[in-house]
Amino acid sequence: MYQITIETEEGETCSFECGPNEDVISAGLRQSVILMSSCRAGGCATCKGECTDGDYELFDVSVQALPPDEEEDGMVLLCRTFPRSDLHIMVPYTFDRISFEAIQTNWVGEIKTCDKVSSNVIRLVVQVLTSDGTSPISLNFMPGQFVDIEIPGTHTRRSYSMASLSGDGALEFFIRILPEGAFSKFLTNDAKVGMRLNLRGPTGAFNLRDSGARPRYFVGGGTGLSPVLSMVRHMKSSGDQTPAKLFFGVTRRDELFYVDELKTLKSAMPNLELRVAVVEGGDGNGVAGGTVIDLLQAELAKDDARPDIYLCGPPAMIDAAFAAAETAGVPKQQVYQEKFLASG
């Protein structure tokens, strides 16, 4: 048996034993140390950490969840990490995110709204219910987290980030419709108000950090708006006056959604600036032409404060944003991300 030491953002640690034939997440669960994880299959990056000491083997890791350059730098997915010595692992969240007793992660929800809000986006609102399905409750989560939603009558789940706030009651999601997507077909053809759904979560380490005096930039590509919108809404509800800029971009004009609501949010937050971009069909009515990365680069060139940057969108957008941040001199540790990964 090997000793696994987990160190959190604020320097607190916990330890447990792990055999050579079990992964770190499973070993923790066996000893009531519940680390952040989701898919348990090396595909979602929720359990990503940095191994700073020790030897291990990684098996069946998605390159989208753990790119080769990160793997070379010692980053690991704990659900696919098998120790070959004692390990010391840094995780990107605080100690209070580790649970040492079983917590409820399975829920029942009822569809309250399922409406198309653009040519390729559906707004889904789900009310979480008590275990007997009789009363509405509020699901507690950190802004930026996600839940897995199961297609009724199947064991097929998809992960979606909440755009709403913890305590709002219902969970709000913006979901991109894909022509061959299993969940997209369900939403388009079968989902009805009043239908019950099985939910699992919340989980995810894409959360707001204390930025000190630094401003915050939030960048959402398409439905990547969801988790960053939850973060901005949290800033408003908590009275956080940190200067913030929200960048939202899509490819075509008919893909835009929720812009009026974003403008309303901006008008209620003096510390918030809003930038919207469309690749095809911009340059009008407050919508710029080009990509959301073009907007980000322009603002970084004007801002000397080197902001904290929160990114959610497809891998190509994330990679371009990291490159723009590096060019502008923003330290890598001030850039936080949530990538869209392949379904299933």
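On a predicted model such as this, the values are computed, not experimentally measured, just so you know.

## What about the sheet that holds strand 17 (residues 287-289)?
Spatial strand order, 17-16-15-14-18-19: six strands in an open sheet with parallel pairing. Single-partner strands in this sheet number two, and they are strand 17 and strand 19 (335-339). Across the sheet, the mean angle from the axis of one strand to that of its neighbour is 20°, orientation sign disregarded. Here strand 14 (residues 216-221) runs beside strand 18 (residues 308-313); their pairing, made up of five bridges, is parallel. From the neighbouring strand, Phe218 faces strand 18, where its bridge partner is Tyr310. Where helix 4 (residues 225-238) meets the sheet, its contacts fall on strand 14, strand 15 (244-252), strand 16 (272-280) and strand 18, and the angle it forms with strand 14 comes to roughly 150°. Those strands touched by helix 7 (residues 315-327) are strand 14, strand 18 and strand 19, and its axis lies near 160° from that of strand 18.

## Concerning the sheet that holds strand 7 (residues 87-90)
Strand order in this open sheet of five strands is 2-1-7-3-5, and the pairing throughout is mixed. One side of each edge strand has no neighbouring strand; the edge strands of this open sheet are strand 2 (13-18) and strand 5 (75-77). Ignoring which end each strand starts from, the neighbouring axes of this sheet average 35° apart. The sheet contact formed by strand 3 (residues 48-53) and strand 7 spans three bridges and is antiparallel.

## Section: helix 6 (residues 292-302)
Residues of helix 6 that are buried: Val292, Ile293, Leu295, Leu296, Glu299 and Leu300. Relative to the axis of helix 6, the buried residues are bounded by an arc of 155° and lie together on one face. Away from its buried face by more than 90 degrees, helix 6 exposes Ala301 and Lys302. Against strand 14, strand 15, strand 16, strand 17, strand 18 and helix 7 lie the buried residues of helix 6.

## So, the pairing of strand 18
Of all the six residues making up strand 18, six are buried; the element is thus mostly covered by neighbouring parts of the structure. Of the two faces of strand 18, the one holding Asp308, Tyr310 and Cys312 and the one holding Ile309, Leu311 and Gly313 are both buried throughout. Relative to strand 19, strand 18 is paired through five bridges, and the arrangement is parallel. Bridge pairing links Tyr310 to Tyr336 in strand 19. Following the chain from strand 18 across helix 7 to the adjacent parallel strand 19, one finds a crossover that is right-handed.

## Description of the environment of Glu70
Among the structural elements, Glu70 can be located in helix 2 (residues 68-72). For Glu70, a relative accessible area of 14% translates into the label buried. C-alpha separation for the pair Glu70 and Ser230, spaced 160 residues apart in sequence, amounts to 28 Å. Contact partners of Glu70, with chain neighbours within four places excluded, come to Lys48, Ala65, Met75 and Gln337.

## Considerations on the UniProt feature "domain: FAD-binding FR-type" (unreviewed entry) in the protein chain
Summarizing the sequence annotation, UniProt attributes the feature "domain: FAD-binding FR-type" (unreviewed entry) to residues 104-209 in the numbering used throughout. From the first C-alpha to the last, residues 104-209 spans 25 Å; its make-up is 8% helix and 44% strand.

## A short note on a negative patch on the surface
Among the surface-exposed residues, Glu50, Asp69, Glu71, Glu72 and Asp73 lie close enough to one another that they form a single negatively charged patch. Tallying contributions element by element places helix 2 first for the negative patch, with three residues. Judged by relative accessible area, Asp73 falls into the exposed class, the value being 51%.

## Overview of the layout of surface pockets
Approximately 1,200 Å³ is the volume found for the second largest pocket. Together, 35 residues line the second largest pocket, and Lys48, Met75, Pro92, Val335 and Gln337 are the ones closest to its centre. Secondary-structure elements contributing two or more residues to the lining of the second largest pocket are strand 3, helix 2, helix 7 and strand 19. Ranked by residues supplied to the lining of the second largest pocket, first place goes to strand 19 with five residues. Considering only residue class, the lining of the second largest pocket consists of 16 nonpolar, seven polar and 12 charged.

## Overview of the pattern of salt bridges
One pass over the full model with this rule turns up 20 salt bridges. Here Glu110 makes a salt bridge to Lys112, at a shortest N to O gap of 3.5 Å. Since its relative accessible area comes to 18%, Glu110 is described here as buried. Accessibility expressed as a relative area gives 44% for Lys112, which makes it partly exposed. A single salt-bridge network, built from bridges that share partners, covers Lys245, Glu273, Arg275, Glu299 and Lys302.

Here is what the cut-offs are and how they apply
- Residues numbered from 1 in each chain as written.
- Predicted model: local features only at pLDDT ≥ 70, side-chain atom pairs only at ≥ 80, totals over all residues.
- Heavy atoms only, no water.
- Pairing = 2+ DSSP bridges.
- Helix = DSSP H or I, 4+ residues; strand = E, 2+ residues; numbered from the N terminus.
- Axes fitted to C-alpha atoms, helices over the stretch in contact; angles between N-to-C directions.
- Contact = heavy atoms within 4.5 Å.
- Buried < 20%, exposed > 50% of the residue type's maximum accessible area, 1.4 Å probe, protein only.
- Arc of directions from axis to C-beta.
- Right-handed = clockwise from strand over helix to strand, strands pointing away.
- UniProt positions renumbered as here; feature names shortened; annotations may be inferred.
- Patch = residues over 30% accessible without salt bridge, like charges linked within 9 Å, V, L, I, M, F, W, Y side chains within 5 Å.
- Areas by Shrake-Rupley, 256 points an atom, 1.4 Å probe, with all protein chains shown as cover.
- Salt bridge = Lys/Arg side-chain N within 4 Å of Asp/Glu carboxyl O.
- Lys, Arg positive; Asp, Glu negative; His and termini not counted.
- Charge placed at Lys NZ, Arg CZ, Asp CG, Glu CD.
- 1 Å grid on protein atoms, 1.4 Å probe; cavity = no way out; pocket = protein on both sides within 12 Å on 5 of 7 lines; lining within 4 Å.
- Points joined across faces, edges and corners; volume = space filled by probe spheres on them.
- Nonpolar A, V, L, I, M, F, W, Y, C, P; charged D, E, K, R; others polar.

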